[in-house]
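# Coordinate inspection notes
Listed below, chain by chain, are the residues.
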Number of protein chains: 2
Amino acid sequence: MKDVKLVVIGGDAAGMSAASQARKRLGPDRLEIVAFERGRFTSYSACGIPYWIGGAVGELDALVARSPEAHREAGIDVRLRHEVVAIDVENREVLARDLVGGGEVREKFDQLMYATGASPVTPEWARVPAAGVFGVQTLDDGTAIQEWLDGEPARRTAVVIGGGYIGVEMAEALLKRGLDVTLLEKSAQPMAKTVDPDVGTLVAEAIRREGIKVVTEAQVTGLATTDGRVTEVVTPTGSLPADIVVLGLGVRPNSELAAAAGLPVGPTGGVRTDRRMRVAGTDNIWAAGDCVESHHLLTGAPVNIPLGTHANKQGRVAGINLAGGYATFPGVIGTAVTKVCELEVARTGLTEKEATRAGFAFVTASVESTSRAGYYPGASRMTIKLIAERRTGTLLGAQIVGKAEAAKRIDALAVAVWNRMTVEEMTALDLSYAPPFAPVWDPVLIAARKATDAVHAAM
Amino acid sequence: MKDVKLVVIGGDAAGMSAASQARKRLGPDRLEIVAFERGRFTSYSACGIPYWIGGAVGELDALVARSPEAHREAGIDVRLRHEVVAIDVENREVLARDLVGGGEVREKFDQLMYATGASPVTPEWARVPAAGVFGVQTLDDGTAIQEWLDGEPARRTAVVIGGGYIGVEMAEALLKRGLDVTLLEKSAQPMAKTVDPDVGTLVAEAIRREGIKVVTEAQVTGLATTDGRVTEVVTPTGSLPADIVVLGLGVRPNSELAAAAGLPVGPTGGVRTDRRMRVAGTDNIWAAGDCVESHHLLTGAPVNIPLGTHANKQGRVAGINLAGGYATFPGVIGTAVTKVCELEVARTGLTEKEATRAGFAFVTASVESTSRAGYYPGASRMTIKLIAERRTGTLLGAQIVGKAEAAKRIDALAVAVWNRMTVEEMTALDLSYAPPFAPVWDPVLIAARKATDAVHAAM
């Protein structure tokens, strides 16, 4: 006999973080937890898939932070291969389909955790039933790619469509697997949503140097197939041979189920929640992860940023709250980092385009410096770009491109953005210095100085 | 015919940063600059000396950021081997002694930049005239050590007295030169002023593993010499053979000259300035670098923290102001980092001892995590310790010990301390995440979570 029953929809980062947090606070005698997951895995690192495909990570198991068995040992009733197809808010009940055994189950809930994640964007042309075309969203997707690559070693040509960070990481992974890789990007440079064009150009150069063909301003109109298998990617300027096609066109939040149940979905397509991750206007219905929209702390606008780090934080917050505690997820500032071959790329806050769209007037400053004192062995060059509001000098955004030890500097900049620091105040920041770690003026400080000059010049 | 004349006392980081900034704003037709330096070098990285001694840096020249010739080309009249011995504030004049040619010169000034640096602490027993005993404060000191080591390869035994970061870095450098090295530290663990005992113990273990003998709670009572050369370090529990003795007992600000001229010297022994680096109560006399005292932003107390990064910032601020601009140096929060063998050690804010002395009640939390996702190749373990004020949860301090990619995380924590963040707010920080850079919960966030729990538990 339990006091309360929690049903979780989605067994990955957000859902199972919530379940685990709730379990930590309320034992099995107090809280019953049932978790439906349509795939075969729980609590895994989707971000790690490219590294597993590329061979840097040896085993699939390594990507699983917590297996279904481990969750079950904690008294969480995990039901794999079960897809929730309807939520009855009024009767506090979900309807799930058993994808293996067939049939349906109904489950009552007192508390509901909605954590359905996101699905790859698939344009019309990608919806043909062609084997060899993959998204990279779930561990099941990753497993399918591995099986495809292992299946017939003769498959040597890969086309990755979409030059966002998933696309770029997958291009590198496939290159490492010995494939001939072409990356198609519709913008003028890869990572166009992540970084400004000047920084994106540095990324393009780096991945071309590694041997990946990069086609920018590319338009895909279709996929050609033979015997149900993809053979070519069709573009207006000709077709590209393709034994495997990976879609890296971004994802969209899985909010249809919520919408069908009458739960509020915001302009980004994500489920709307308050800062405690309670679904707006509901009682004891919570949501977290790729399927929700977050508050952008700089623009005040809703955003959907599908990242494991947000999913974990939001899931934890939801779990604390639904178990009677108090925690909040105030919002995001758009921090992201990726490693492409030897290149490290990071950003926080707003890009120029995002700042303009939000109505900011701003100045920018870019500096080149080194990761360590110039004379210290292993020093490597990096570029830091700062975007600061005109007049106030408030730091609006930062981008870093470099090699080893460059990108993690974005965290200091993220904390500065978070706290609305001005670039002038940042010039005085007491950052760590020793020759193995930085020049006597850390690149962050040099950038802050140059940005301060730019703010003054634009007064 | 110049408008204004600036005299600089001390040709290293602080003094020459000030001179260079002033020069950038006022050309040689507007500002005459004379800089006196008692040594043979200008604008060098004293922090780089251990790496030069140890062989990681090949050439002395690499440590010189700007040579006297380069300064002269910028129209700065650098006078090496000239020691200023008196300042006549009323008559706006300094008296300098020519250490090579002999004789004295007088120089009038409109603006005076006081940047005399610091000198190694030398207890009574260290003041015997013994060859083979060295401080590590100036490039001249570094050159003397190099010559001593190169001179007679038979010298194989080194004793480093003082386990602060200079002592520890020099111990490693001498080990790399093939010497048998003993490090004597009067406290219970090395780096006792830098990190808490629990963290210091990790440092001691790491340097012992590398092959450095570490003697803690050591007391030195004298040096034994033969033919004017040091041969032994004498302690109450016996003597240690020593072909070379390096003093790493800290430094004290060179403020005697200022005091003799009636300039204010604070309780730390450093010259007192305002936030524009103007010497308190004076007109157009400025000071910066190891010789001044700074404002600690957390305790509000004056501190003297001799670090190149502060010297450069303060010198820049002084230079901007003395040339008619406006810049401030608001204070410090005690950030520091060092690399000892493979170990990275970093801190910011207050240690437990410092927090106690300042009257704070606090909780602490230590976590172990990894630099990268656990499954990603090259992930290494690190420990992060946070100190947070009771009740408010304000982050008071942080310490990190780890291997590659650990220590620079202190910068994000330093920006958090700077902005008086609470550990609870920090749990929501949008820090960068991707498997090559962090676990999905960055160690900083895990530490913030644990510290938040500790704050709640102590409510």
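Computed from a predicted model, the values in this text were never measured in an experiment. (Residues numbered from 1 in each chain as written. Chains lettered and ligands numbered in written order. Predicted model: local features only at pLDDT ≥ 70, side-chain atom pairs only at ≥ 80, totals over all residues. Heavy atoms only, no water.)

### Examining the overall build of chain A
Counting secondary structure elements, chain A contains twelve helices and 25 strands. For 459 residues, the compact-globule estimate of 2.2 N^0.38 gives 23 Å, and the C-alpha radius of gyration of chain A, at 23 Å, lies within 12% of that figure. Counting only C-alpha atoms, chain A reaches 65 × 55 × 40 Å along its principal axes. With 459 residues in all, chain A has 59% of them scored as buried. When contacts within chain A are restricted to residue pairs at least 6 apart in sequence, those whose partners lie at least 24 apart make up 63%. A total accessible area of about 17100 Å² is found for chain A, and carbon and sulfur atoms account for 49% of it. Measuring between centres, the 49 positive side-chain charges of chain A sit 3 Å from its 54 negative side-chain charges. (Helix = DSSP H or I, 4+ residues; strand = E, 2+ residues; numbered from the N terminus. Rg over C-alpha atoms; globule rule 2.2 N^0.38 Å. Buried < 20%, exposed > 50% of the residue type's maximum accessible area, 1.4 Å probe, protein only. Contact = heavy atoms within 4.5 Å. Areas by Shrake-Rupley, 256 points an atom, 1.4 Å probe, with all protein chains shown as cover. Lys, Arg positive; Asp, Glu negative; His and termini not counted. Charge placed at Lys NZ, Arg CZ, Asp CG, Glu CD.)

### Re the sheet that holds strand β21 (residues 336-340) of chain B
All names here are of chain B. Reading across the sheet, the five strands line up as β21-β22-β25-β24-β23 and stay open at both edges, with antiparallel pairing between neighbours. In this open sheet, the two edge strands, each paired with only one partner strand, are β21 and β23 (362-370). Averaged over all pairs of adjacent strands, the angle between strand axes in this sheet comes to 10°, irrespective of strand direction. Bridging between strand β22 (residues 343-349) and strand β25 (residues 395-402) involves six bridges; their strand directions are antiparallel. Bridging from a neighbouring strand, T348 pairs with A398 of β25. Most of the contacts of helix α6 (residues 197-209) go to β22, to which it runs at about 160°, and overall it touches β21, β22, β23, β24 (381-389) and β25. (Pairing = 2+ DSSP bridges. Axes fitted to C-alpha atoms, helices over the stretch in contact; angles between N-to-C directions.)

### A few points about the interface of chain A and chain B
Counting from both sides, the interface comprises 59 residues of chain A and, opposite them, 59 residues of chain B. Counting each side, the surface lost to burial between chain A and chain B is near 5300 Å², with a carbon and sulfur contribution of 64%. Counting across the chain A and chain B interface gives two salt bridges. With a closest N to O distance of 2.6 Å, K408(B) and D442(A) form a salt bridge. Remark: the boundary between chain A and chain B carries 20 residue pairs in polar contact (both at pLDDT 80 or more). Secondary structure elements with two or more residues in the side of chain A that touches chain B: α8 (308-322), β21 (336-340), α10 (410-418), α11 (423-426) and α12 (443-457) of chain A. Broken down by element, the residue count for the side of chain A that touches chain B peaks at seven residues, all from α10(A). For the side of chain A that touches chain B, a count of residues per class yields 34 nonpolar, 13 polar and twelve charged. (Buried area = accessible area lost by both parts, 1.4 Å probe. Salt bridge = Lys/Arg side-chain N within 4 Å of Asp/Glu carboxyl O. Polar contact = N/O pair within 3.5 Å; in protein donor to acceptor, adjacent residues only side chain to side chain. Nonpolar A, V, L, I, M, F, W, Y, C, P; charged D, E, K, R; others polar.)

### Here's the deal with helix α4 (residues 139-151) of chain A
All names here are of chain A. Counted at 1.5 Å a residue, the expected span for α4 with its 13 residues is 18 Å, and the 18 Å between its end C-alpha atoms agrees. Turning to α4, its buried residues are L139, G142, T143, I145, Q146, W148 and L149. Those residues of α4 hidden inside the fold are in contact with α2 (49-54), β9 (133-134), α5 (165-176), β14 (229-235) and β16 (244-247). (Expected span 1.5 Å × (residues − 1).)

### Here's the deal with the sheet that holds strand β16 (residues 244-247) of chain B
Residue and element names in this part refer to chain B. In spatial order, the strands read β9-β16-β10-β11-β12; together these five strands make up an open sheet with parallel pairing. At either margin of the open sheet sits one strand with a lone partner, and together these are β9 (133-134) and β12 (213-215). Summarising the sheet, strand β10 (residues 157-161) and strand β11 (residues 180-184) pair through five bridges and their orientation is parallel. Across the sheet, A158 pairs through a bridge with V181, a residue of β11.

### Points about the packing of aromatic side chains
Tallying each qualifying case throughout the model produces six aromatic pairs over all chains. Each ring, one from F134(A) and one from W148(A), has its centre 5.9 Å from the other, and the planes form 65°; the classification is edge-to-face. You can see F134(A) sitting in strand β9 and its partner W148(A) sitting in helix α4, a full 14 residues away along the chain. This pair shows no difference in class: F134(A) is buried, exactly as W148(A) is. Seen in terms of ring centroids, F41(B) and Y44(B) are 6.4 Å apart; in terms of plane orientation they differ by 75°. Their pairing is edge-to-face. On the basis of relative accessibility, which here comes to 10%, the residue Y44(B) falls in the buried class. Of note, R449(A) hangs over the ring of W441(A), and the distance from its end group to the ring centre comes to 4.3 Å. (Phe/Tyr/Trp six-rings, centres within 6.5 Å; stacked < 30°, edge-to-face > 60°. Lys NZ or Arg CZ within 6 Å of the ring centre and 35° of its normal.)

### Points about the domain arrangement of chain A
How big an interface is tends to be reported as the loss of accessible area on association of its parts. All names here are of chain A. The domains assigned to chain A are domain 1 (4-39 + 46-119 + 252-322), domain 2 (122-247) and domain 3 (336-457). Once you take the C-alpha centre of each, domain 1 and domain 3 turn out to be 35 Å apart. In this complex, domain 1 contributes five residues to the contact, which on the side of domain 3 involves nine residues. When domain 1 packs against domain 3, close to 600 Å² is buried across both sides, 72% of that on carbon and sulfur atoms. When the buried surface of domain 1 facing domain 3 is broken down by residue, L297, L298 and T299 rank first, second and third, together holding 76% of it. (Domains from an automatic or database assignment.)

### Comments concerning the environment of Q146(A)
Residues and elements named next belong to chain A. Position of Q146 relative to the elements: it lies in helix α4. A relative accessible area of 9% means that Q146 is categorised as buried. For the pair Q146 and I53, spaced 93 residues apart in the sequence, the C-alpha separation amounts to 6.3 Å. Among the polar contacts made by the side chain of Q146, one reaches the side chain of R177 at a distance of 2.8 Å.

### A look at the nonpolar core
Membership of the largest hydrophobic core comes to 93 residues, with the highest contact counts inside it found for L386(A), L413(A), M426(A), L386(B), L413(B) and M426(B). Ignoring sequence-local partners within four residues, the contact set of L386(B) consists of V363(B), T364(B), A365(B), L395(B), G397(B), A398(B), L413(B), V423(B), A447(B), A448(B) and A451(B). (Core = buried A, V, L, I, M, F, W, Y, C linked by side-chain atoms within 4.5 Å.)

### Observations regarding the relation of the copies chain A and chain B
Applying a rotation about an axis and a shift along it to one chain copy brings it onto the other copy. If you rotate chain A by 180° and push it 0.0 Å along the axis, it lands on chain B with an RMSD of 0.0 Å. The superposition operator between the copies reduces to a two-fold rotation axis. Of the C-alpha atoms belonging to chain A, the one lying closest to the rotation axis is found on A412(A), 2.0 Å away. The share of interface residues of chain A whose copies in chain B are also at the interface is 100%, consistent with both copies meeting through the same surface. (Least-squares fit on C-alpha atoms with pLDDT ≥ 70 in both.)

### Focus: the packing of helix α1 (residues 13-25) of chain B against helix α8 (residues 308-322) of chain B
Residue and element names in this part refer to chain B. It is the contact of α1 with α8, at a shortest axis distance of 7 Å, that shows an interaxial angle of 35°. The element α1 and its partner α8 pack so that their crossing is right-handed. Contacts between α1 and α8 involve A13, A14, S17, A18, Q21, A22 and R25 on the former and, on the latter, A311, N312, G315, R316, A318, G319, I320 and L322. When its residues are assigned to classes, the contact of α1 with α8 shows eight nonpolar, five polar and two charged. (Left-handed = near helix turned anticlockwise from the far one by under 90°.)

### Some words on the side chain of T182(A)
Residue and element names in this part refer to chain A. With respect to the helices and strands, T182 occurs in strand β11 (residues 180-184). Looking at T182, the relative accessible area reads 6%, which means it is buried. Each residue touching T182, except ones within four places of it in the same chain, is listed here: A158, V159, V160, K213, V215 and L240.

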